[in-house]
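# Remarks on the overall topology
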Amino acid sequence: MSMKKPATGLVYSSESGRMCAACSKPVASCVCRSVAKAQPAGDGIVRVGRETKGRKGKGVTVINGVPLAAEELKSLAKELKARCGSGGTLKDGVIEIQGDHRDLLIDLLKAKGWTVKRSGG
């Protein structure tokens, strides 16, 4: 009696590169991931706060709850970083901007028409 692993499908193709495990299509034209990441669920309130956890005391401004798709969120992060004149990143739908820019960012996000709340202290 042999214990074989169940076949999971094609993982890589030399013709089209990486393959999606769920829909067996190339990752570039994957249907299931684009549907899952289309619109993040939230309560419609954009929260702006400040964190220092895990950054050796350096503070970053954290923005979460922005109701945008991934590409639009990426361009918003770029615009906000340029406006603040500092670096930052986009991680798992959360925009992090180096430094304490809460007041400026709250005004910018309210001007875009979102309900914005200051989170934390």
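For the structure, see preceding data.
Described below are features of the structure shown in this document.

Scoring rules and cut-offs
- Residues numbered from 1 in each chain as written.
- Predicted model: local features only at pLDDT ≥ 70, side-chain atom pairs only at ≥ 80, totals over all residues.
- Heavy atoms only, no water.
- Helix = DSSP H or I, 4+ residues; strand = E, 2+ residues; numbered from the N terminus.
- Buried < 20%, exposed > 50% of the residue type's maximum accessible area, 1.4 Å probe, protein only.
- Contact = heavy atoms within 4.5 Å.
- Pairing = 2+ DSSP bridges.
- Axes fitted to C-alpha atoms, helices over the stretch in contact; angles between N-to-C directions.
- Core = buried A, V, L, I, M, F, W, Y, C linked by side-chain atoms within 4.5 Å.

### Description of the overall build of the protein chain
- For the protein chain, the helix and strand inventory stands at 3 helices and 7 strands.
- Along its sequence from the N terminus, the protein chain presents helices and strands in the succession β-β-α-β-β-α-β-β-α-β.
- For the protein chain, the proportion of its 121 residues judged to be buried stands at 27%.
- In the protein chain, 40% of the contacts between residues at least 6 apart in sequence involve partners at least 24 apart.

### Brief notes about the sheet that holds strand S4 (residues 60–64)
- Strands sit in the order S5-S6-S4-S3-S7 across an open sheet of 5 strands; the sheet is mixed. Strand pairing shows two members of the sheet lacking a second neighbour, strand S5 (88–91) and strand S7 (115–118), which therefore form its edges. With direction set aside, neighbouring strand axes in the sheet form an average angle of 20°.
- Pairing of strand S3 (residues 45–51) with S4 involves 5 bridges; the strand directions are antiparallel.

### Looking at the nonpolar core
- By size, the foremost hydrophobic cluster in this structure holds 18 residues, and its most contacted members are Ile 63, Val 66, Leu 76, Leu 80, Ile 95, Leu 109 and Trp 114.
- When contributions to this core are tallied by element, the ones reaching two or more residues are S3, helix H2 (70–84), strand S6 (94–98) and helix H3 (102–111).
- It is H2 that contributes the most residues to this core, 5 residues altogether.
- The contact partners of Leu 76, leaving out residues within four places of it in the chain, are Val 66, Leu 68, Ile 95, Leu 109, Lys 112 and Trp 114.

The analysis is restricted to geometry; functional conclusions fall outside its scope.
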